[in-house]
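Residue-level listing of the chains:
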Amino acid sequence: MSSTMKLIFFSFFTFLSFQTVFSVTPLIVQHPLDPLTEQEITLVQTIVLRKYPTSRNRLTFHYVGLDDPDKAAILKWQQSSKLVEINRKSFVIVIINSQIHEILIDLKAKLIVSDNIYKGNGFPTLSVEEQGQAIELPLKYGPFIASVNKRGLNLSEVVCSSFSIGWYGEAKSKRSVRVECFMKEDTANIYVRPINGITIQVDLDKMKIFEYHDTEIEPVPTANNTEYRASRQRPPFGPKQHSLTSHQPQGPGFQINGHSVSWANWKFHIGFDVRAGVIISLASIYDIEKHKSRRVLYRGYISELFVPYQDPSEDWYYKTFFDAGEFGFGQSMVPLVPNLDCPPNAQFLDAHFSQADGTPTTLNNAFCVFEQYGNIMWRHTETGIPNENIVETRTEVNLIVRSIVTVGNYDNILDWEFKASGSIKLGIALSGMLEIKAVEIKHKSEIKKEQHGTLVSANSIGVYHDHFYIYHLDLDIDGEYNSFEKTNLKTVKVTDGSSKRKSYWTIETETAKTESDGKIKIGTNPTELAVVNPNKQTSIGNDVGYRLIPGPAVHPLLTEDDYPQIRGAFTNNNVWVTPYNRTEKWAGGLYVDQSHGEDTLAVWTKRNRDIKNKDIVLWHVVGVHHVPTQEDFPIMPLLSTGFELRPTNFFERNPVLKTLSPKDVQWPGCPK
């Protein structure tokens, strides 16, 4: 879901800590995958407005991003010591006089390469500005003002938010949003104080309310115990937490050059897209035994987030949000708070994206990069050797790239964690507020019919819902040509009397030949899943590879013919594998708002293309079925999930066998 209202918190500077703010506004682009600069966005605006001047046209920019360079060209550029020039282009989606234009711009030549009008179903990502205009309309709309007065509420304490409406079988749709309103009186926690029973729908092209209903009056939940701002809270406070200072006497263990990061044995590139948010590209790891860097990941990012709520009533059925495609993960990122969102040793990078009029805007502290200490890398205590006591343990230091995406009531904390052992862990943590349905009920004993949620406070139902994230992972394990392997674990019974055991388990490995073979519902059978390079083997003959270690398996519970599930059919499997195609980026389609599900990952894979020993992309769905509890109210502690990409016969042996723990630092005045 979405809102243009974002609260930004600022932090004190911690004693004896430090932080470096790293701004990404280079005058000269150093890397072909760098996100668009302010100057390039301004150039895009100038070129489009030159052809379509505002004096004669109504236009709004809905997507301005780097057009993906040809993969072969990028790899050639990388292998040629970066001497090959890559011509940068920008892909732009603009609505001009109610028509959707797809414009490709050559940034070097400063000209339009192509300009096509899209006439299919669905609409582009909503702009922040039009949502801001839409939520102001009810406050000046007579019927709504009458509804507020009828409820005995103070109009000056009302704020509103915009919500995408989905698609439910209609042949043609107008570009519109629903608007819901809340009370900010006595609390900043507006989402737990909804004004229910009112339907407001806004035509975005005409920017006017075209549908309004006031069906019933439900009590607005009280503001008691809902305030989350530290400045407004009063004792007694929660468990006391002791302070900690951190210091790196040798400085950070990583280097950032533009958007390229070097750390330990890893090198990779951090990109940004207004729809995807953070993009990690060209990740390679140095193999100390082979004396060379080896490719692991060409490109990875969150392609879509599907959040369907589970209340089919008139006020709720439409709440089936696609947060990346409808609202833009990139434009929904928020500035990170030094020392709170990220530790004192973090470095920060900025991001730039286009506003609705094409003007660039800067998001300061969009991502942070930091080293995390304190875990164990490996260890062993040996007591089996007489007269010897051997204890060997190694401290783990990991590198984390973090961003936070706030779409309305939910904050998504997104981590890419790189380990010296070769693993990449992808973490998702949810915080923020529940979507609350206002009811007359004050105690669970009063519930007489299905409420589609949990009573989390008096008059407050936290509605059941899902969070499905799908990652686009273009793995290039030691090269582009890879295969997808399924290793099934199966039970074997001992029936010939050869052992005192009656059973054991073993494995059967099969290589997926087509896209149908690559569709996996995790959890139905014990299976190991890996992307391998059948053209590269270890010294003892195993195909080098990387394994997918999933988190808890989450499957959709909607029927496949339900309209939201048709649009979100990419969640029907936890794993998909496709041949690389630069146009297949968005699992929910290029135009997700009110889409008909005609351009999704589930549709692309019906071609059943060959994926054996090809340049392939792994798509992984990870998520949460969220049954709210009282502890989630009024603001929820982090709810986490994620997965890992782990080397599997990639190295000859443990790659961190000879990695030493960081030396201890003695601080003045501290006991030894």
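Definitions and limits used
- Residues numbered from 1 in each chain as written.
- Predicted model: local features only at pLDDT ≥ 70, side-chain atom pairs only at ≥ 80, totals over all residues.
- Heavy atoms only, no water.
- Helix = DSSP H or I, 4+ residues; strand = E, 2+ residues; numbered from the N terminus.
- Rg over C-alpha atoms; globule rule 2.2 N^0.38 Å.
- Contact = heavy atoms within 4.5 Å.
- Areas by Shrake-Rupley, 256 points an atom, 1.4 Å probe, with all protein chains shown as cover.
- Disulfide = S-S within 2.5 Å.
- Buried < 20%, exposed > 50% of the residue type's maximum accessible area, 1.4 Å probe, protein only.
- Domains from an automatic or database assignment.
- Buried area = accessible area lost by both parts, 1.4 Å probe.
- Core = buried A, V, L, I, M, F, W, Y, C linked by side-chain atoms within 4.5 Å.
- UniProt positions renumbered as here; feature names shortened; annotations may be inferred.
- Salt bridge = Lys/Arg side-chain N within 4 Å of Asp/Glu carboxyl O.
- Pairing = 2+ DSSP bridges.

1. As for the overall build of the protein chain
Looking only at helices and strands, one finds 7 helices and 31 strands in the protein chain. Computed over C-alpha atoms, the radius of gyration of the protein chain comes to 27 Å, within 12% of the 26 Å expected from 2.2 N^0.38 for 672 residues, which places it in the range of a compact globule. For the C-alpha atoms alone, the extent of the protein chain along its principal axes is close to 85 × 70 × 65 Å. Look at the contacts in the protein chain between residues 6 or more apart in sequence, and 68% of them connect residues 24 or more apart. In the structure as shown, the protein chain presents an accessible area of about 31,000 Å², 52% of it carried by carbon and sulfur atoms.

2. Observations regarding the state of the cysteines
Under the criterion given, the structure shown has 2 disulfides. Each disulfide pairs two cysteine sulfurs, and for Cys160 the partner residue is Cys181, the sulfurs being separated by 2.1 Å. Residues Cys160 and Cys181 are joined through a disulfide that is right-handed, its torsion about the S-S bond being 90°. Placement of Cys160 in strand S6 (residues 158–163) and of Cys181 in strand S7 (residues 176–183) is noted, with a sequence separation of 21 residues between them. The same class applies to Cys160 as to Cys181, namely buried. Between Cys342 and Cys368 runs a disulfide, and the two sulfur atoms are separated by 2.2 Å. On the sign convention where negative means left-handed, the S-S torsion of about -85° between Cys342 and Cys368 marks this disulfide as left-handed.

3. Regarding the domain arrangement of the protein chain
Looking at the assigned domains, one finds that the protein chain contains domain 1 (38–117), domain 2 (128–214) and domain 3 (262–385 + 397–648). Domain 1 and domain 3 are separated by 29 Å when their C-alpha centres are compared. Domain 1 puts 22 residues into the contact, and the matching count from domain 3 is 26 residues. Around 2,100 Å² of area is buried between domain 1 and domain 3 when both sides are counted, 53% of it from carbon and sulfur atoms.

4. Quick look at the nonpolar core
Grouped together as the largest cluster of nonpolar side chains are 121 residues, with contacts concentrated most on Trp266, Phe268, Trp416, Phe418, Tyr469, Tyr471 and Phe484. At 6 residues, strand S17 (residues 360–382) tops the list of elements feeding residues into this core. Sequence-distant contacts of Trp266, defined by excluding residues within four places in its chain, comprise Val261, Ala283, Ser284, Ile285, Val296, Phe418, Lys419, Ala420, Gly422, Ser423, Ile424 and Tyr546. Within the second largest apolar cluster, 17 residues are counted, among which are Leu59, Leu66, Val92 and Val94.

5. Notes on the UniProt feature "domain: Copper amine oxidase catalytic" (unreviewed entry) in the protein chain
Per the UniProt record, the feature "domain: Copper amine oxidase catalytic" (unreviewed entry) sits at residues 245–657. Spanning residues 245–657, this segment combines 3% helix with 50% strand, and its end C-alpha atoms are found 30 Å apart.

6. Some points on the pattern of salt bridges
Counted by the stated rule, this structure contains 37 salt bridges. With its nearest N and O atoms 3.5 Å apart, the salt bridge here joins Glu157 to Lys184. On the criterion of sequence distance, the pair formed by Glu157 in the loop between helix H4 (142–150) and S6 and Lys184 in the loop between S7 and strand S8 (198–203) is long-range, its members being 27 residues apart. One salt bridge connects Arg178 with Glu314, and the closest N-O pair in it is separated by 3.5 Å. Of this pair, Arg178 sits in strand S7 while Glu314 sits in the loop between strand S14 (292–308) and strand S15 (320–322), and the two are 136 residues apart along the sequence. What makes Glu314 partly exposed here is its relative accessible area of 49%. Connected via shared salt-bridge partners are Lys71, Arg295, Asp474, Asp476, Glu480 and Asp615.

7. A short note on the pairing of strand S31 (residues 636–648)
Along any regular strand the residues' side chains alternate between the sheet's two faces. Summarising the sheet, strand S20 (residues 424–432) and S31 pair through 8 bridges and their orientation is antiparallel. Looking across to S31, one finds that Ile428 is bridged to Thr641. As judged from the 5 bridges shared by strand S28 (residues 543–549) and S31, these two strands associate in the antiparallel manner. By the bridge assignment, Gly545 is partnered in S31 with Thr648.

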